[in-house]
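Topology and contacts: notes
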Amino acid sequence: MVIFTTLHVACEYRKILVARPGWGLLFICATLNSMKSIISIKNFAMTFGKTEVIKDLSFDVQRGETFGLLGSNGSGKTTTIRALLGIYIPTAGELLIDGKPYSVGGGVKLGYLPEERGLYKKESVIDTMVYFGQLKGLSRDEARQQSLAFLERVKLGDKAKTRLDKLSGGQQQKIQLGITVLGDPELLILDEPTKGFDPVNRRLLMDIIEDHQKRGATVVMITHQMEEVEQLCDRIILLKDGKARAYGTIAEVRKKFAGKSLDDIFVSVYGDENNEEADHA
Amino acid sequence: MHNLRTVMRFEIIRTLKKKAFWIMAFGFPVMISFIFGIVIMSNVSTEQAAKDLEKQKFSIQVTDDSHLIKSELLTAFGGTSATSKSAAIDAVKSGSLDAYFYYPANLTDGQIEVYAKDVGIFDNGRYTGVAKALLSASVESSVDANTKTIVRDSTKGKVITYRNGVEFDPAQQMILPGLFLVLFYLLIAFFGNQMLTSTTEEKENRVIEMLLTTVEARTLIIGKIYSLIILAMVQGMIIIVPAITGYFLFRDRLNLPDLDLSSLPVDPLRIAAAAVIFIASFLLFTGIMVAIGAAVPTAKEASGFIGIIMMLIFGPLYAVSLFISAPDSPLVRFLTLFPFTAPIPMLLRNAVGNLELWETLAGILILIVSAIVIMLIAVRIFRYGALEYTRKLSLREIFGRS
């Protein structure tokens, strides 16, 4: 497959270089850039009924980086992720993971923690984790081994055979995170991962995310916690009304907003909205 | 489809672990066993009561104006002839005589009069039993065996019918293909809810978003349908095995007809057709239930749809006589070939033997194509209705997406 792709790319370069030498250079740059990007979103638009939720959104996520997708409630963060993962069909645009639209078993090892938390409540912790592990391509033994190791790490080792509805909300959330990281994914997409966690468990979760960063995983985080963003993220995008209001490294974004903290930037971007609403009123 | 086995295994094991499945699975056989148990107990107690009656000895006097009672039988019953009706009644009243029976001259218009000492509401009936038994035994002793058989209405008839010059018994012929009709009815009645909740559960538990990024919707739905079929087979065995075992163990006690399996006609074509119709019908019904489950946010909200589907599928049962007596009528043809009503008419008419070959083939084709189309729609609904946790998906939303 790799050989075929390389040959194909080489042939395309040759054709373009012969026909239009200038275009060829641009094409090479674009291709190299897309090879570096694990997520590429171009001109994405999404409409529900008559409501335009996302308007011409473009950004990419580099392989191995931790990327923050920020914005207030209803700004289009979760919609973007759902469209990226094929749960929603985009109204317009191109959303690619590793150069192609996402499909289950399509090559990228994905770990996704959705905003809507839920599990098979009547099943035991270990049965549920092993099931998802197997769906991700692990053998039954591997899935069991990895699940038990995770449970030990999050201090739920004694709950392996407990039914999920017997666990607290926070414990269930840990299990869901465990399922997300099963199979050592190369791309982790976490939608508000620390929602509902106390400070101790939040620290534990951050450690787990950092571990995956160190192993070279790309992490996309949707969060409202600016402290987490500053601690973990390499680059961010700030959405408002389905449009990017800020995009780049944290330093670049802060520079653009006259050195303000991320908290202040967030407030100033959404504060404008409040002011606009007040003006309209 | 590489996750199909994983999905099936998970779905089957978790269903088998549910108490509700076993309660439902054994509910029918237990209920039937309970009813049969009552019948057996009733039969046993009746037999016992008759035996007890034979053993009971109490003083009887009889006045026989019918001249049917045999004196030797009266003696055997421990009775004597009364001198007068009034004296015997007085003796009963005084307690010196247990019972007095008066047989009138004309038994057609008159009635046997029984005067007896009270022995309680349940035991007072024994006097009438003895009076009737004495009369029957006396009458039977005076006639030959043939007359006795006629009087008891236990004469047997044998009918031999022919179709196309070959001996053909329609009642026996329909037993084996008809079993599929019974099985279909029982499985739908006992398994419909399981089919529905198999897809609503993921929505109600909010686990669907995580699932859809891990396994293809098509694999998940097909895995669920296959596992439902396997579970239905388990359910079917739970119904059939005790029924067959019970038949052979309790046939005599329940007075069930003696079925000679060796002489049961086997028409391989009709049995094969019944099996294919059964499978296609079951797939269609499963697909419909899965689709409805995928379209609604919770199982509770599916009741309206389920009612319509049940009416369509089981409604034709009300026209059973029409399917047998007027198989060529346009209504029967329509109900046979319209996919949502087809299962019962097809299975029934195939069992009866009036389903023509072209109807069999066309009906099976319609059922299979409909089942496939419904399943594809179920996948589509599941795929796009997955995140509709609080509202039903409209038809425009299901089919309007590219």
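Presented here is a report on the structure given in the accompanying data block.

Parameters at a glance
- Residues numbered from 1 in each chain as written.
- Chains lettered and ligands numbered in written order.
- Predicted model: local features only at pLDDT ≥ 70, side-chain atom pairs only at ≥ 80, totals over all residues.
- Heavy atoms only, no water.
- Salt bridge = Lys/Arg side-chain N within 4 Å of Asp/Glu carboxyl O.
- Helix = DSSP H or I, 4+ residues; strand = E, 2+ residues; numbered from the N terminus.
- Pairing = 2+ DSSP bridges.
- Axes fitted to C-alpha atoms, helices over the stretch in contact; angles between N-to-C directions.
- Contact = heavy atoms within 4.5 Å.
- Patch = residues over 30% accessible without salt bridge, like charges linked within 9 Å, V, L, I, M, F, W, Y side chains within 5 Å.
- Areas by Shrake-Rupley, 256 points an atom, 1.4 Å probe, with all protein chains shown as cover.
- Buried < 20%, exposed > 50% of the residue type's maximum accessible area, 1.4 Å probe, protein only.
- Buried area = accessible area lost by both parts, 1.4 Å probe.
- Polar contact = N/O pair within 3.5 Å; in protein donor to acceptor, adjacent residues only side chain to side chain.

1. Structural notes on the pattern of salt bridges
Using the criterion set out here, one finds 27 salt bridges over all chains in the structure. Put simply, R215 of chain A and D184 of chain A hold a salt bridge, and the shortest N to O gap is 3.0 Å. In this pair, R215 of chain A sits in the loop between helix 7 (199-214) and strand 7 (218-222) while D184 of chain A sits in the loop between helix 6 (169-181) and strand 6 (187-191), placing the two residues 31 residues apart along the sequence. A single salt-bridge network, built from bridges that share partners, covers E11, R14, K18, E201, E202 and K224 of chain B.

2. Here's the deal with the sheet that holds strand 6 of chain A
All names here are of chain A. Pairing within the open sheet is mixed, and its six strands lie in the order 5-6-7-3-8-9. Of all strands in the sheet, those bounded by a partner on one side alone are strand 5 (110-113) and strand 9 (243-249). Strand after strand, the sheet turns through a mean of 10 degrees between neighbouring axes, direction not considered. As judged from the four bridges shared by strand 3 (residues 66-71) and strand 7, these two strands associate in the parallel manner. Paired with T66 across the two strands is V219, which belongs to strand 7. Sheet strands in contact with helix 6 are strand 5 and strand 6, and its direction is about 160 degrees off that of strand 5.

3. Comments concerning a nonpolar patch on the surface
Taken together, the side chains of M31, F34, I35, F36, I38 and V39 of chain B present a nonpolar region at the surface, about 550 Å² in accessible area. Position of I35 of chain B relative to the elements: it lies in helix 2 (residues 19-55).

4. Considerations on the environment of G105 of chain A
Residues and elements named next belong to chain A. Looking at the secondary structure, you find G105 in the loop between strand 4 (92-97) and strand 5. According to the relative accessible area criterion, G105 is exposed, its value standing at 65%. Once the C-alpha coordinates of G105 and G137 are considered, the two residues, 32 residues apart in sequence, prove to be 8.5 Å apart.

5. A look at the interface of chain A and chain B
Taken together, the contact between chain A and chain B spans 28 residues of the former and 26 residues of the latter. Three residues, V104, Y120 and L135 of chain A, lead the burial of chain A against chain B; their summed loss comes to 25% of the area buried on that side. Our count for the contact surface shared by chain A and chain B stands at three salt bridges. For K17 of chain B, the salt bridge identified is with E123 of chain A, shortest N-O distance 3.4 Å. Linking chain A with chain B are seven residue pairs in polar contact (both at pLDDT 80 or more).

6. Concerning unusual backbone geometry
Residue and element names in this part refer to chain A. Phi at D184 takes a positive value of approximately 50 degrees, unusual for a residue other than glycine. A positive phi angle, near 55 degrees, is found at D241, a position not held by glycine. Locating D241 in the fold gives a position in the loop between strand 8 (235-240) and strand 9.

7. Quick notes on the sheet that holds strand 1 (residues 37-48) of chain A
Residue and element names in this part refer to chain A. Ordered by their spatial adjacency, three strands build an open sheet running 2-1-4, and the pairing between neighbours is antiparallel. Each having just a single partner strand, strand 2 (51-62) and strand 4 make up the two edges of the open sheet. Taken pair by pair, the neighbouring strands of this sheet meet at an average axis angle of 15 degrees, ignoring direction. Pairing analysis gives five bridges linking strand 1 to strand 4, with the strands arranged antiparallel. Bridge assignment links I41 to a residue of strand 4, and that residue is L95. Strands in contact with helix 3 (residues 77-84) are strand 1, strand 2 and strand 4; relative to strand 1, the strand with the most contacts, it is inclined by about 115 degrees.

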